[in-house]
Amino acid sequence: MNSMTSVKPEKSYEAPVGAATLVTTLAVLVMTIGAELYPPLKAWLAATFGHHWVGKGVISIVIFVVVTALSYPILTKTPRSMASWSNRLFAVVILVTAIIIGFFMYEFLFP
Amino acid sequence: MISIRIIRLANDLAQEGMLILHAMFGELAFITFGWSFVELMEPTKTRIIRAKWATLAGFLGTVLSWIVGGYYYVAVYPKARNLIRGGPWPWGHLIIMEAKEHLFLIGPFLAALLLFIVWWKGQELMVDNDSRHASLVLSAILAIGAVMMLLMGAIIGISERVALG
């Protein structure tokens, strides 16, 4: 690989995987809060996958694969800045972490 | 009877040993993501090769910790959960475990993305600052996340112990 002359890639092959990671992170948040606030969803996950947590894991993998495949033709067309994009992902992960911990703290303190 | 003792020992290891493996794979992930962060700060050809293997080990550690921890959580943990919920630190399950089990689900995908970027870009990371920045951010998130998981796991363990009196 000629590393010194290929500063920018022609296509951003990492962009679809990045988009899939972002969407999966948000999906984990939605499934977590959704299953707690809407018991039929938790019951469906448990009945379908044997355990609600296993169901969330399986659905996360499916979302990751599907979003990667669907966004591949769109996001690989042009080069994209991975720096600003990764900063956004970092912010989303921090936000999702704070929301999930905050949600369970709220549920514990105000049952 | 020695045979019964051996069976009990194997059974104990099969159950509680899963927890040890879960933590060990998590520690492997923490070390290797921290390692890849350091290697990518000032990347050279050799450092990028080391970063590649570090991210691969970190990804495998994360996935194996997920599988082993998942088995433990579904098959063995319910007994401890009931104990913790009825003990003096019920928040050990109701806040810490509930948050941990769900936040953990994000880790393997972040690790897969880091693995993809580092292996795909390879030597280009020496000149492509955008991708290097992304790799550093992901390594940092994953290393910090792994420490957080270890800390939460320790709190859950203590919650069980205080429940036993």
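Here the structure is a predicted model, which means the values were calculated and not measured. Residue numbers here run from 1 along each chain, matching the order of that chain's written sequence. Key to labels: chains lettered from A, ligands numbered from 1, both in the order written. Reporting in this predicted model follows two pLDDT cut-offs: at least 70 for local features of residues, and 80 or more for side-chain atom pairs to be given and counted; totals over whole chains, interfaces and linings ignore these cut-offs and use all residues.

Undergrad: Explain the nonpolar core residue by residue, including any values.
TA: Put simply, a nonpolar core is a cluster of buried Ala, Val, Leu, Ile, Met, Phe, Trp, Tyr and Cys residues tied together by C-beta atoms within 7 Å. For every residue, the other C-beta atoms within 10 Å of its own C-beta are counted; 20 or more classify it as buried, 12 or fewer as exposed, and values in between as partly exposed. C-beta atoms are placed from the backbone. If you look at the biggest cluster of nonpolar residues, it comprises 61 residues, and the most contacted ones within it are Leu110(B), Leu113(B), Leu114(B), Leu138(B) and Leu142(B). Not counting chain neighbours up to four residues away, the residues in contact with Leu110(B) comprise Thr21(A), Leu138(B), Ile141(B) and Leu142(B). Listed in part, the five residues of the second largest apolar core include Tyr73(B), Tyr77(B), Ala80(B) and Ile84(B). With C-beta atoms placed from the backbone, a contact is any residue pair whose C-beta atoms sit within 7 Å.

Undergrad: Please set out the confidence of the model for chain A residue by residue, giving values where relevant.
TA: Residues and elements named next belong to chain A. For every residue, the pLDDT score states the predictor's confidence, bounded by 0 at the bottom and 100 at the top. Of all residues in chain A, 90% have pLDDT values of 70 or greater, and the mean over the chain is 89. A helix here means a DSSP run of H or I that spans at least four residues, while a strand means a run of E at least two residues long, and both kinds are numbered starting from the N terminus. When the elements of chain A are averaged for pLDDT, helix α4 (residues 82–109) gives the smallest value, 94, and helix α2 (residues 39–49) the largest, 96. Here residues 1–7 scores under 50 on pLDDT; set against residues more than four positions off or in separate chains, the count is ten contacts.

Undergrad: Hey, could you go over the environment of Ala146(B) for me, with residue numbers and the actual values?
TA: Residues and elements named next belong to chain B. Here Ala146 shows up in helix α6 (residues 129–164). The exposure class of Ala146 is buried, given the 26 C-beta atoms found within 10 Å. For the pair Ala146 and Ile7, spaced 139 residues apart in the sequence, the C-alpha separation amounts to 34 Å. Those residues within four positions of Ala146 in sequence are excluded, and the remaining contacts are Gly26, Ala29, Phe30 and Phe33.

Undergrad: Talk me through the interface of chain A and chain B; I want residue IDs and the actual numbers.
TA: Chain A puts 36 residues into the contact, and the matching count from chain B is 32 residues. When contributions to the side of chain A that touches chain B are tallied by element, the ones reaching two or more residues are α1 (14–37), α3 (52–75) and α4 of chain A. When residues of the side of chain A that touches chain B are assigned to their parent elements, the largest contribution, 14 residues, is made by α4(A). Each residue belonging to the side of chain A that touches chain B can be placed in one class, and the counts come to 20 nonpolar, 14 polar and two charged. Amino acids are sorted into nonpolar (Ala, Val, Leu, Ile, Met, Phe, Trp, Tyr, Cys and Pro), charged (Asp, Glu, Lys and Arg) and polar (every other residue, Gly among them).

Undergrad: Kindly report on the packing of α1(A) against α3(A), identifying the contributing residues and their values.
TA: All names here are of chain A. Axis definition: a line fitted to C-alpha atoms, limited for helices to the stretch in contact. Angles are taken between N-to-C directions and run from 0 to 180 degrees. Relative orientation of the contacting elements α1 and α3 amounts to 150°, with a least axis distance of 8 Å. Overall, the two elements α1 and α3 adopt an arrangement that is roughly antiparallel. Both α1 and α3 take part in a crossing whose hand is right-handed. Taking contact as the criterion, the partners of Ala15, Pro16, Val17, Ala19, Ala20, Val23, Thr24, Ala27, Val28, Met31 and Ala35 in α1 are, on α3, His52, Lys56, Ile59, Ser60, Ile63, Phe64, Val67, Thr68, Ser71, Tyr72 and Leu75. Just so you know how the angles are binned, under 35 degrees is roughly parallel, over 145 roughly antiparallel, 65 to 115 roughly perpendicular, and the rest oblique. The crossing is said to be left-handed when, going from far helix to near helix, the turn is anticlockwise and less than a right angle, and right-handed when the turn is clockwise.

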